[in-house]
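# A closer look at the structure
Letter by letter, the chains look like this.
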Amino acid sequence: EPNEGNGSGVGLDEDGNLILNREQVRFEYLWIANAGEGTLSKVDTTELREAGRFHSIGPNDANLTAGSQNSPSRTGIDLNGDMFVANRAFGRQSSLTKIYNADCVDANDDGEITTSQDINNNNIIDMENPQEFPGNNDECFAFTVPTGNNGGIARALAIDAGDAASPYGNVWVGLYSHRQFIGYQGTDGAILERPGLENPVAVGHQPYGAVVDSNGYVWSGTLSGNTIVGFDSRTGRASGVISGAGNISSSYGFGMDGENRLWIGGRGMGRYNPYRDAQGNPIQDPLAGGGEWRGVPCQGGGTCLMRGMGADAQGRIWAANNSGFVSGWNTNTMQAVGQYSVGGGSVTGAGIDFNGFVWGVRGAGMVARVDPNNPNDVRQVAVGRSPYTYSDFTGFGLRNFTAPRGGYKTVVEGCEKLDTDWLTLDAMATLPEQTRVEFRARVADDLAELGDPGLRVHGPWVQSADGQNDLPADLGELPPGRYLQLEIFLVSTDREATPILRGYDVRFQCQIEE
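A brief look at the structure comes next. (Residues numbered from 1 in each chain as written. Predicted model: local features only at pLDDT ≥ 70, side-chain atom pairs only at ≥ 80, totals over all residues. Heavy atoms only, no water.)

### Thoughts on the overall build of the protein chain
Test applied: Secondary structure counts use DSSP, requiring at least four H or I residues in a row for a helix and at least two E residues in a row for a strand, with both numbered from the N terminus. Any two residues whose heavy atoms approach within 4.5 Å at even a single point are treated as in contact. Areas reported here follow the Shrake-Rupley algorithm with a probe of radius 1.4 Å; residue values treat only the protein chains shown as occluding. Positive charges come from Lys and Arg alone, negative charges from Asp and Glu alone, with His and the N- and C-terminal ends not counted. Charge placement uses NZ in Lys and CZ in Arg. For Asp and Glu, CG and CD serve respectively.
Per the secondary structure count, the protein chain includes 1 helix and 37 strands. Projected onto the principal axes, the alpha-carbon positions of the protein chain cover approximately 85 × 60 × 45 Å. Restricting the contact set of the protein chain to residue pairs at least 6 apart, pairs at least 24 apart contribute 58%. Here the protein chain displays about 20,300 Å² of accessible surface, and carbon together with sulfur accounts for 42% of that area. Counting 37 positive and 63 negative side-chain charges, the protein chain places the centres of these two groups 10 Å from one another.

Spelled out as structure tokens, the structure:
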């Protein structure tokens, strides 16, 4: 049965079958880039405290060093809860860093994971205390890699739905000065390679914010222009520059709702639908342009600057209003639904946590949580110096809009005293349109070894409504380990439909000693 330890985004129906359940998603942290000190704050969204702080540069082979000169800004959370950050490093070498959420590696083999934590329970990390802030000795760093050439300025970051090599998502980094995106494997930071993919991808403007829609298209806005650009993450084929003149003044803030509509923040809010024209007719090629533009002014009149934003599960999008508010609109009607103070100061980013609360990133060393159902209930959490983050810093957008899915892990034990030959995997599933089930496997001789993020992942084996069926799968390529960890993803691009997994069958035999 799914629980906090083995599942997220899934539940059981009344017949005991595994189904998608958005209420069961459990990502309890958001990640804030502290541009003024070159660090990241890991914030517990349930306990309302800073749970960890990390340099934005980890151990690396490129002689990159930690510090405020890296000026981190965009963070993203993959489908495993791991964090990626783009370091802008103005005039220097930009970079990409990944930090594990839970799959940290005991590098010094002392039997413990050395990582940042709030030892004295005062809700904030003391950077002078090596027990609370181990710095470069933190064992939750996965990698740091340079991105682009010197002076590229990594200003946009988005995570896609992943592939066989990186099942939790690959990362696309937009380089502002180079006018290009570079794709990286989420597992190890290697340059992403796919048959037919052009990478890096040249785009016709300077990318500032980015999202990936549920069809695998990467979209970006720019800083002071009123344009957007998209490209296909599978091939690198890019659109021309799509102008929003008359509807948006700039594309400073950038986000996406559950219908793949793009939201653009500036002196008001704009919305662009790459899949429908102004008459509601479908557009076959979203990169062709010609989609519907709409715009609305600032709430309450006057001037505003709308910055980072995120959509919730109730059909609202919330944006950071630089004047000290988070402002919300209905994603269908574009009617204002509220504008709430976060306690003063400039607000650079807004995001949604998995409990439905809205978070605003303040510039004064604080992030604020607002309850949209009780906007007088504003909670403040202290973080590092000069927090500056607007992107999908909770992972809510990826998990609900880019790649709507739930996951479940279970372990099958093979032979105790003899080597195990893993034979076949099969499953019984009901698959409505636009749904699929994916299976992946890891094998080890020890249960603890299954948690090693470097352990090879086999698969995926897919059953989908569009006819793909890799089952029953031949498991003959798997090594003869005693334990098989089966990871199951339920995926749906229709928010009203769920695949139903009725059962699965793993077969093995014990090798007979001669």
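So much for the structure itself; the text now carries on.
### Side note on the packing of aromatic side chains
The following threshold applies: Stacked, edge-to-face and tilted labels apply to pairs of Phe, Tyr and Trp rings (six-membered ring for Trp) whose centres lie within 6.5 Å, assigned for plane angles under 30 degrees, over 60, and everything in between, in that order. Relative accessibility thresholds used throughout: buried, under 20% of the residue-type maximum; exposed, over 50%; partly exposed, between the two (1.4 Å probe, protein chains only).
Applying the stated criterion to the full structure yields 15 aromatic pairs. Measuring from ring centre to ring centre gives 5.5 Å for Trp 31 and Phe 54, while their planes differ by 35°; the resulting arrangement is tilted. Here Phe 54 lies in strand E6 (residues 49–55) and Trp 31 lies in strand E4 (residues 29–34), a separation of 23 residues in the sequence. For the pair Trp 31 and Phe 54, one class covers both residues: buried. With 6.0 Å between their ring centres and 80° between their planes, Phe 396 and Phe 401 make a pair best called edge-to-face. You can call Phe 396 buried: its relative accessible area is 8%. An aromatic cluster is built from Tyr 176, Tyr 208, Tyr 252, Tyr 388 and Tyr 390, whose rings are joined through pairwise contacts.

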